[in-house]
Amino acid sequence: MKLKNLMTAVVFGLSLGPVLAAADNNMGSMSGMDTKESAGPVQSRGVITMINTENRKVTLKHEPIPALNWPGMTMGFPVAPEVDLDALDKGDKVVFTLAPAGKGQQVTSIRKQ
Ligand SMILES: [Cu+2]
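Residues numbered from 1 in each chain as written. Predicted model: local features only at pLDDT ≥ 70, side-chain atom pairs only at ≥ 80, totals over all residues. Heavy atoms only, no water.

Caption draft 1: How the structure looks around the coordination of the copper ion. For the copper ion, the full set of protein donor atoms is His 62 (NE2), Met 73 (SD) and Met 75 (SD), at a range of 2.2 to 2.5 Å. Spacing between the donor residues of the copper ion along their common chain follows H-x10-M-x1-M. Taken together, the residues His 62 in strand E2 (residues 57-62) and Met 75 in strand E3 (residues 73-78) connect sequence positions 13 residues apart. Overall, the relative accessible area of 4% leaves His 62 in the buried class. A relative accessible area of 5% means that Met 75 is categorised as buried. (Donors = N, O, S within 2.8 Å, 3.2 Å for Na, K, Ca; no water. Helix = DSSP H or I, 4+ residues; strand = E, 2+ residues; numbered from the N terminus. Buried < 20%, exposed > 50% of the residue type's maximum accessible area, 1.4 Å probe, protein only.)

Caption draft 2: Expanded view of the pattern of salt bridges. Considering all chains together, one arrives at one salt bridge under this definition. A salt bridge links Asp 92 to Lys 112; the shortest N-O distance between them is 3.9 Å. With a gap of 20 residues between them, Asp 92 in the loop between E3 and strand E4 (93-101) and Lys 112 in strand E5 (residues 104-112) connect regions that are remote in the sequence. For Asp 92, a relative accessible area of 13% corresponds to the buried category. (Salt bridge = Lys/Arg side-chain N within 4 Å of Asp/Glu carboxyl O.)

Caption draft 3: Highlighting the nonpolar core. Ranked by internal contacts, the top residues of the largest apolar core, which has 19 residues, are Leu 60, Phe 77, Leu 98, Val 107 and Ile 110. Contributing elements (two or more residues each) for this core: strand E1 (42-52), E2, E3, E4 and E5. Tallying contributions element by element places E4 first for this core, with three residues. When neighbours within four sequence positions are excluded, Leu 60 is seen to be in contact with Val 47, Ile 48, Thr 49, Met 73, Thr 74, Met 75, Phe 77, Val 94, Phe 96, Val 107 and Ile 110. (Core = buried A, V, L, I, M, F, W, Y, C linked by side-chain atoms within 4.5 Å. Contact = heavy atoms within 4.5 Å.)

Caption draft 4: Structural detail: the pairing of E5. Here E4 runs beside E5; their pairing, made up of eight bridges, is antiparallel. Paired with Leu 98 across the two strands is Val 107, which belongs to E5. Here E4 folds back onto E5, and the loop between the two strands holds two residues, one of which, Gly 102, carries a positive phi near 60 degrees. (Pairing = 2+ DSSP bridges.)

Caption draft 5: Quick look at unusual backbone geometry. We note that Arg 56 has phi near 55 degrees; this positive angle belongs to a residue other than glycine. Considering the arrangement of structural elements, one finds Arg 56 in the loop between E1 and E2. Classification of Arg 56 by relative accessible area gives partly exposed; the value is 23%.

Now the structure itself:
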């Protein structure tokens with residue numbers, strides 16, 4: 001039954017598409033967002049909604065970032081080791097830079113606006 005085998009191959013091939021697309025979308029709290037893989041450092045603005053200096057994590061309510069295809073949203077980022085967080089607090093309006101790190105983005109600079 002050659003025709004049946006062909007149909008099976010076609011159905012299997014079609015069903016594989018969404019599975020691969022889902023596997024690409026592995027961004028932790030940002031699951032569901034479509035991220036461009038090759039983006040370099042990008043600058044944006046936002047407000048600090050949470051900051052953890054010891055664990056070097058910051059949560060930012062950021063503006064839309066067209067370079068990453070991100071809408072405005074609140075999300076957490078790891079902060080690069082060289083970035084000084086001591087002068088920053090929850091509620092601060094900031095300008096920050098993101099650079100690709102692992103499967104997501106990390107903050108490579110951040111300062112009060
Ligand atoms: Cu985001």
